[in-house]
Amino acid sequence: MTLDQTFLFLLFGAVFAALIWGRWRYDAVAFAALIAGVLSGAVPAEKAFEGFGHPATVIVALVLVVSAGLSRAGAVALITRHIGGGGNGLGRHIAAFGAVGAALSAFMNNVAALALLMQVDMARARQEGRPPGLTLMPLSFATILGGMVTLIGTPPNIIVASVRKDMLGESYSMFDFAPVGGAVALAGLLFVATVGWRLIPNRPDPAPAGERAAYLAEFLIPDASPLAEATAATLFDEADKSGVAIVALRRGRRRMAIGRETTLQTGDAIEVEADAEQLDGLRTALKLDFADPAHKDYLSVEKAGMAVIEAVVPATARMAGRTSEAVGLGWRQRSALLGVSRQGRNVSGPVRKVTIKPGDILLLLAPADRAAEVVDWLGCLPLADRGLTVTRSDRAWLATGLFALAVAAASLGLVTLPVALGAVVLAFLVSRILPPAEVYEHVEWPVVVLLGSMIPLGAALETSGGTALIASALTGITAGAPAWVALMVLMVVTMTLSDVLNNTATALVAAPVGVEMARSLQVSPDPFLMAVAVAASCAFLTPIGHKNNLLILGPGGYRFGDYWRAGLPLELIVIAVGLPVILFVWPL
């Protein structure tokens, strides 16, 4: 080995050890490794920061912003509201949610897809009186599997495509991953919906519904609403799906009970009680208006966008003993009171006329750039930020259409994918689907730094001949065996690394190795790159291999050793299904 190869192997070994240890942030580890590589001369100084402008890095950042825009516009709610209800068996429930999660993950960031669906899934679990842990892990696995289907579904696919572009001169297109990724995703979904969930330990709900504030809120039935002059049956059905309790109906100054046979009218105010996310889900699904007509104007006027915040009322607060109307919350601060939680005690509406008491929790709508000032002006104490947003359901079809147009343009080769996604982000800003102030908040900067740092290191390893050495070692293990055996070994090694490392880092190292293995065996590199794409995404054995697995760890009440029970057979199924499909679609 040359001096550069030796140094780079030691450097990558240190990076992997630090990532597995988990003591330091992975972006800091990767950036430190990049600087060390430049100072040593292993990475040319003029190429040190090329990774930050690399198409793979740009695509990952843009996909995150586009995902946020689709969510904010209510495009996801259009799909999730039609997911089948309970009562049909847990397997069918998992199949329905898993299919939707996989479909969403194919076209948006899979972490965002899971974050949206898990709230609906947890609400459904509590309605049915079962632990959410029985369904959260299958849902997480489904969103990971769905990301394999398209180029933008998961970072490993983006990285594999960029490696093919750099090393072979041509990238993969949007749906080149679909035959293999689709087959693997379908097999995985069938497994988790029939057998996988039965392997998950059945533990009590670690966070019962009572631990979250249940707000009393009001929504108005707008003009031309399909609910007007109809019975309240549809309202109750959607409320059941969203986990929202219907409290009462207010018609003018009259407050009355409401049942499924009650006939609704335009202008009726529906009093409801639920968690903040569930309230927004019901409002979006039925296209209800905020009870205060000014709320709608706030959403369209504020250029920075509106933020939803939760705050506790101390005895010294300006709000204590007064209503939101009395303190002039609307005309003074261009903000509104969406809901009030009184910790188990009854609150009677209308919400803007409720006298606030010390200890109440308020759900507030405030300008995003002044949210902290509004809370401070009220004299309240903000709760931990849960990333609550106001869904703009009137822009759902526009957002979906813009995104579909960009995908079509990129798939037909009319524009490159980064340009297509960049145009979508620009269109989201112009159409005010996504406020400009929020754009950078949705970029996951640690992932950007990780990619930007690791790409030059990976390139240095390849140009120094380091990847060829690794490929030679792996092919040496399978010397004399058919080429498909080497392909299987590459899948197993990549999958094992992905279970303990970040899948992005795994793909950055494994993809060039796959190309070198193909060259040494004198076969097509495409099956090896596809094997890396599939295997790098399959992190099912631990909660640290993929962010989706980590996201459900607390809410599902899981332990570190719970994942392998369903994850190990799933990874074996991925190899058993993926390998022959790869060989069929991408012959050696």
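Below or above, wherever it landed, is the structure these notes cover. Small disclaimer: the values here were computed from a predicted structure and weren't measured.

Rules and cut-offs
Counting restarts for each chain: residues are numbered from 1 in the order of the written sequence. A pLDDT threshold of at least 70 governs which residues receive local features in this predicted model, and a stricter bar of 80 or more applies before side-chain atom pairs are shown or counted, although totals over entire chains, interfaces and linings include all residues. Values reported for side chains reflect all heavy atoms of the structure, with hydrogen atoms and water molecules removed beforehand. Buried means the residue's accessible area, taken with a 1.4 Å probe over protein chains only, is under 20% of the maximum for its type, while exposed means over 50%, and partly exposed covers the values in between. Strands here are runs of E lasting at least two residues and helices are runs of H or I lasting at least four, both read from the DSSP assignment and numbered beginning at the N terminus. A strand pair is defined by DSSP finding two or more bridges across the two strands. Aromatic pairs are defined between Phe, Tyr and Trp rings, using the six-membered ring for Trp, whenever the two ring centres lie within 6.5 Å; interplanar angles under 30 degrees are classed as stacked, those over 60 as edge-to-face, and all others as tilted. Charge over a ring is defined by NZ of Lys or CZ of Arg lying within 6 Å of the ring centre and within 35 degrees of the ring normal. Counting of polar contacts relies on pairs of N or O atoms within 3.5 Å, with two restrictions inside protein: one atom must be capable of donating a hydrogen and the other of accepting it, and residues adjacent in sequence are counted only when both atoms are side-chain atoms. Only heavy atoms enter the contact rule, under which two residues are in contact if any of them lie within 4.5 Å. The rule for a salt bridge is simple: a side-chain nitrogen of Lys or Arg has to be within 4 Å of a carboxyl oxygen of Asp or Glu. Structural elements are reduced to axes, namely lines fitted to C-alpha atoms, with helices fitted over the stretch in contact, and the angle between N-to-C directions of any two is expressed from 0 to 180 degrees. By definition, any crossing whose near helix is turned counterclockwise from its far helix by less than a right angle is left-handed, and any crossing with a clockwise turn is right-handed.

1. What to know about the pairing of strand 8 (residues 361–367)
For strand 8, the buried fraction is high: seven of the seven residues fall into the buried class. Here strand 6 (residues 306–312) pairs with strand 8 via seven bridges, running antiparallel. From the neighbouring strand, Ile 309 faces strand 8, where its bridge partner is Leu 364. Here strand 7 (residues 336–341) runs beside strand 8; their pairing, made up of five bridges, is antiparallel. Looking across to strand 8, one finds that Ala 336 is bridged to Leu 365.

2. As for the packing of aromatic side chains
Scanning the model with the defined rule gives seven aromatic pairs in all. Look at Tyr 172 and Phe 177: their rings are 5.3 Å apart centre to centre, the planes differ by 70°, and that puts the pair in the edge-to-face class. The same class applies to Tyr 172 and to Phe 177, which are both buried. Here the aromatic rings of Tyr 440 and Trp 445 are separated by 6.5 Å at their centres, their planes lie at 25°, and the arrangement is stacked. Overall, the relative accessible area of 59% leaves Tyr 440 in the exposed class. Relative accessible area serves as the criterion here: at 43%, Trp 445 is assigned to the partly exposed category. Members of the aromatic cluster, joined through ring pairs, are Tyr 172, Phe 177 and Trp 586. Just above the ring of Tyr 172 sits the side chain of Arg 164; from NZ or CZ to the centre is 4.9 Å. The aromatic ring of Trp 377 is capped on one face by Arg 318, whose charged end is 4.2 Å from the ring centroid.

3. Observations regarding unusual backbone geometry
Despite not being glycine, Lys 287 shows a phi value in the positive range, around 55°. As for its placement among the helices and strands, Lys 287 is situated in the loop between helix 11 (276–286) and strand 5 (289–290). A residue is classified by how much of its surface remains accessible, and Lys 287, at 46% relative accessible area, is partly exposed. Although it is not a glycine, Arg 432 sits at a positive phi angle of roughly 65°. Its location among the elements puts Arg 432 in the loop between helix 16 (417–430) and helix 17 (436–439). Using a relative accessible area of 34% as the deciding quantity, one classes Arg 432 as partly exposed.

4. Details of the side chain of Ser 105
By secondary structure assignment, the location of Ser 105 is in helix 5 (residues 90–107). A polar contact of 3.1 Å, which involves the side chain of Ser 105, links it to the backbone oxygen of Thr 143. In contact with Ser 105, other than residues within four places in its own chain, are Asn 110, Ala 113, Thr 143, Gly 146, Gly 147 and Gly 153.

5. Concerning the pattern of salt bridges
Counted according to the given criterion, the structure contains ten salt bridges. Between Arg 164 and Asp 526 there is a salt bridge whose closest N-O contact spans 2.7 Å. Linking Arg 164 in helix 8 (residues 155–168) with Asp 526 in helix 22 (residues 526–537), this pair joins segments that are 362 residues apart in sequence. Summarising the burial analysis for this pair, Arg 164 and Asp 526 share the class buried. Taking the shortest distance from any N to any O, the salt bridge between Arg 250 and Glu 218 comes out at 2.6 Å. Remark: Glu 218 occurs in strand 1 (residues 215–220) and Arg 250 occurs in strand 2 (residues 245–251); sequence separation between them is 32 residues. Through salt bridges with shared partners, one network takes in Glu 325, Arg 352 and Lys 353.

6. Some thoughts on the packing of helix 3 (residues 55–72) against helix 16
Relative orientation and spacing of two packed helices are given, respectively, by the angle between their axes and the distance between those axes. The interhelical angle for the contact between helix 3 and helix 16, taken along N-to-C directions, is 30°, at an axis separation of 9 Å. For the element pair helix 3 and helix 16, the recorded crossing hand is left-handed. Only Leu 417, Pro 418, Leu 421, Gly 422, Val 424, Val 425 and Phe 428 of helix 16 make contact with helix 3, whose side of the interface consists of Pro 55, Val 58, Ile 59, Leu 62, Val 63, Val 65, Val 66, Gly 69 and Leu 70.

7. Regarding the environment of Ala 217
Looking at the secondary structure, you find Ala 217 in strand 1. On the basis of relative accessibility, which here comes to 2%, the residue Ala 217 falls in the buried class. When the C-alpha atoms of Ala 217 and Ala 269 are compared, they prove to be 9.8 Å apart, with 52 residues separating the residues in sequence.

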